[in-house]
Each structure stands twice: as C-alpha cells, then as structure tokens.
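Take a look at the letters that make up each chain.
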Amino acid sequence: MNPQAKLIFSLSLILGTTITITSNHWAMAWTGLEINTLAILPLIAKSHHPRAIEAATKYFLTQAAASTLLLFSSTINAWFTGQWDITQLTHPISCLLLTTAISIKLGLVPFHYWFPEVLQGSSLTTGLLLATAMKFPPMTLFLLSSSSLNPTLLTIMAITSTALGGWAGLNQTQTRKILAFSSISHLGWMTAIILYNPKLTLISFYLYCAMTTAIFLILKTTKILKLSSMMTAWTKIPPLNGALLLALLSLAGLPPLTGFLPKWLIIHELTKQEMTPTATVIALLSLLGLFFYLRLAYCATITLPPNSTNYMKQWQTKKPVAIFTTISVTTTMTLLPLSPMIFSIT
C-alpha cells in the first residue's frame, strides 16, 4: 500500500476514535464510528486476496448494521425524551437497540459470527487493530450508557460470551481465530462487571489490549499464522518463543502474571455485589480458554516436530519493533504488583 495512503488511513483511525470518545452527543459519536469503519476497510482489503476482500465485505456490512441501529436507538430516545446526550438514554426500546448495536460492534455473543472470520482474513497488523484499537470507541459508549442498560441481559451475554469464546477456540488451528475467540471471552468478563464497576471494566480492557498486543507482535515477528508453523518457530528467535509462552499464560489469567489481575478483581467485585453464582460460572468457563492457551504454549515451546527445517537464528530484528515488543511483553508479565494501587482506584 502507498505510504501516504496508509498515513491518511491511520490518521483517520485516530481522528474517528478521538471524536467518539470525546463526544457527548450521539450524532458526533456515530460520526466517529463511521470514520473508523471507512478508515479500517482499506487496511483489511489491502492484500487483494479473496479472503481479505471477503473479510472487508463482512466487516462493512456488520458495522453498517450496528451503526444504523445505534443511530436509530438515539433517534428514538431523542423523539420521546428530547435528549441527545449519551448518558441520558432512558427509553427502554432505545436501551435494547443500543445493547444490540454495541454488541455487534464489539463482537459479543450472539452477534460474534463476523469477528473470527474478519480477523482470519486480515493481516496480523490489521488484526491487532481490530482486536484492540477498534474496540475502544464502542467500549467507551458502552461505559457511558451502562447505567441505562438491562443488567439481566448483560449478565446473560457475559456468561454466553465467556462460554462460547472458550468452547469455540478449542478446535481451532489458526492463531488469528484463536485470538478472536479469546477476545470474545475477555469481553464477556468485562461485560459482567460493567454495571457495577465501570472503572474496573476500563482497566480490564487496557490490560487485555496490552497482553493481546504483545502476542500479535511476537506472532508478526516470527511470522506464525497457524499451529503447524508455531512448532518450528523456536528455531528462529528462541527468546521470543519463551516470551510468547509467558504472554499466552498471562492472557489465560495465571498468577503471578498480569492477566491474573483483571480476573481476580472482577471475581472480587462480583462477590461483593452478591453475584457469587455468576463469578463461579465465568471462572469455571475460563478453564476452557486456559486449555487452548496451554495448547498454544505447548506447540510454541515444548513440541519438537520431526525433520524440522534448520533456520539461521535471527537474533536481531528491526529495532523499533523489537523495542515495542519488549515493552509490551514486559507489561504482560510484570503488572501484578500494582494491584494494591488499582484496588485504591476502583
């Protein structure tokens, strides 16, 4: 892709995200989401591969439907209450439509079908944007309007997202699809707590983005797209494979790594809110995700395939990528000691 075009699309993504997260009017928030959608489409389809074109088409159709529902929801609310403010969503039909629209944007169950397919058809860099940065604007709208939404509906969606994200990832062999179902599962955890502690949802989202960024950067550096190529990747850059093992275990939520922190805080908060059954169910369902993370970790570091090809060890990579990868991996492994400070914030 032309560097100037890539710069324009990247700046448009930043502009759209900024407009959405800083607006308090539904029309401006919708405008920011549309700018984001139009900016990411060329990045998804840039390889001109049929799968990439299919992914871009699916992404456009689902995001257009979600934006239409969001605008329809805000218009109905303004019609009955005279309010265009994001935090003043009070009409029941508007609340239901908004929950549907945001769920489609984020890829929550039962509106998740597009996300694994789109991520599989994108490059690893675009997949990283779709799994992290593109979820930030709808997550912001989710947080601002959370007090108006139906708690029972959100709890059901959270449990089903956690269940399906773990269950559907079990038989996948493509790393991007596995990370897509991992994203669905983590969004289920965030949705479970959004009504009771929005700050904790935001902290969980930030930590999820940090961990996912580390894994995507390692996969991009080692050019791993499926489990079979992961088995031979240890010969390329051995230290990165060790980092990939720890990053995967962190995303699974094992102590003493960073990923344990959001799960611990969410279970603690749900217990305080007398929602112990919900906390127990999502904690047990996270074991499904733990299985496929361990499977990835096993393939990355322990499996030695027969007749593996000898590679020249690439001890030096491009410096900016290496530095950013190092920072993200360090963040993925070492933030658990900050939990007392996060407890004081939440």
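Residues numbered from 1 in each chain as written. Predicted model: local features only at pLDDT ≥ 70, side-chain atom pairs only at ≥ 80, totals over all residues. Heavy atoms only, no water.

### Re helix α10 (residues 198–222)
Applied cut-off: Only runs of H or I of at least four residues qualify as helices and only runs of E of at least two qualify as strands under DSSP, and these elements are numbered from the N terminus. Here a helix's expected span is defined as the number of its residues, less one, multiplied by 1.5 Å. Buried, partly exposed and exposed residues are distinguished by accessible area as a fraction of the type maximum, computed with a 1.4 Å probe on protein chains only: under 20%, between the cut-offs, and over 50%, respectively.
Here α10 spans 36 Å end to end across 25 residues, near enough to the 36 Å set by a 1.5 Å rise per residue. Counting buried residues along α10, 19 of its 25 residues qualify, which places the element largely inside the surrounding structure.

### A closer look at the domain arrangement of the protein
Quick reminder of the rule: Just so you know, the domain bounds were taken from an automatic or database domain assignment. Residue contacts are counted whenever heavy atoms from the two residues lie within 4.5 Å of one another. Two parts placed together each lose some accessible area; with a 1.4 Å probe, that loss summed over both constitutes the buried area. Salt bridge, as used here: a side-chain nitrogen of Lys or Arg that lies within 4 Å of a carboxyl oxygen of Asp or Glu. Under the scheme applied, nonpolar residues are Ala, Val, Leu, Ile, Met, Phe, Trp, Tyr, Cys and Pro; charged residues are Asp, Glu, Lys and Arg; polar residues are all the others, including Gly.
Assigned domains within the protein: domain 1 (1–139) and domain 2 (150–345). Look at where the C-alpha atoms of domain 1 and domain 2 centre, and you get two points 23 Å apart. Contacts between the two partners involve 24 residues from domain 1, matched on the other side by 31 residues from domain 2. The contact between domain 1 and domain 2 buries some 2400 Å² in all, and 77% of this surface belongs to carbon and sulfur atoms. The interface formed by domain 1 and domain 2 holds 1 salt bridge in total. The shortest N-O distance in the salt bridge between Lys177 and Glu117 comes to 3.3 Å. Broken down by secondary-structure element, the contributors of at least two residues to the side of domain 1 that touches domain 2 are α4 (92–106), α5 (114–121), α6 (124–131) and α7 (136–144). Class assignment for the residues of the side of domain 1 that touches domain 2 results in 12 nonpolar, 10 polar and 2 charged.

### Some details on the UniProt feature "transmembrane region" (unreviewed entry) in the protein
Heads up, the condition is: UniProt positions are given in the numbering used here, feature names are shortened, and annotations may be inferred rather than shown by experiment.
Mapped onto this numbering, the UniProt entry gives "transmembrane region" (unreviewed entry) at residues 59–79, 91–115, 152–171, 178–196, 202–219, 240–261, 281–300 and 321–343. Secondary structure content for residues 152–171 is 85% helix and 0% strand, and the end C-alpha separation is 30 Å. In residues 202–219, the share of helix is 100% and the share of strand is 0%. The end C-alpha atoms are 26 Å apart.

### Observations regarding empty space enclosed by the protein
How we decide: Points on a 1 Å grid, built from protein atoms alone, make a cavity when a 1.4 Å probe fits but cannot get out and make a pocket when they are open with protein on both sides within 12 Å along at least 5 of 7 lines; residues with an atom within 4 Å of a point are the lining residues. Grid points are joined across faces, edges and corners, and a volume is the space filled by probe spheres set on the points.
The final tally for this structure, using the stated rule, is 5 cavities of 30 Å³ or more. One number sums up the size of the largest cavity: a volume of about 90 Å³. Considering the residues around the largest cavity, the lining is formed by Leu33, Asn36, Thr37, Tyr59, Gln63, Lys105, Trp114, Leu130, Met134, Lys135, Pro137 and Pro138. For the lining of the largest cavity, the elements supplying multiple residues, two or more each, are α2 (26–45), α3 (50–81) and α7. Counting residues per element, the lining of the largest cavity draws most heavily on α2, which supplies 3 residues. By residue class, the composition of the lining of the largest cavity is 7 nonpolar, 3 polar and 2 charged. In this structure, the second largest cavity spans a volume of roughly 70 Å³. In terms of lining residues, the second largest cavity is bounded by 13 residues, among which Ser185, Lys263, Ser286, Gly289 and Tyr293 are the most central. Listed by contribution, the elements that provide at least two residues to the lining of the second largest cavity are α8 (151–168), α9 (175–193), α12 (238–252) and α14 (276–301). A total of 5 residues in the lining of the second largest cavity trace back to one element, the largest contributor, which is α14.

### Structural notes on the environment of Pro198
Position of Pro198 among the secondary structure elements: in helix α10. Using a relative accessible area of 33% as the deciding quantity, one classes Pro198 as partly exposed. Remark: the alpha-carbon pair of Pro198 and Ser147, spanning 51 residues in sequence, is separated by 9.4 Å.

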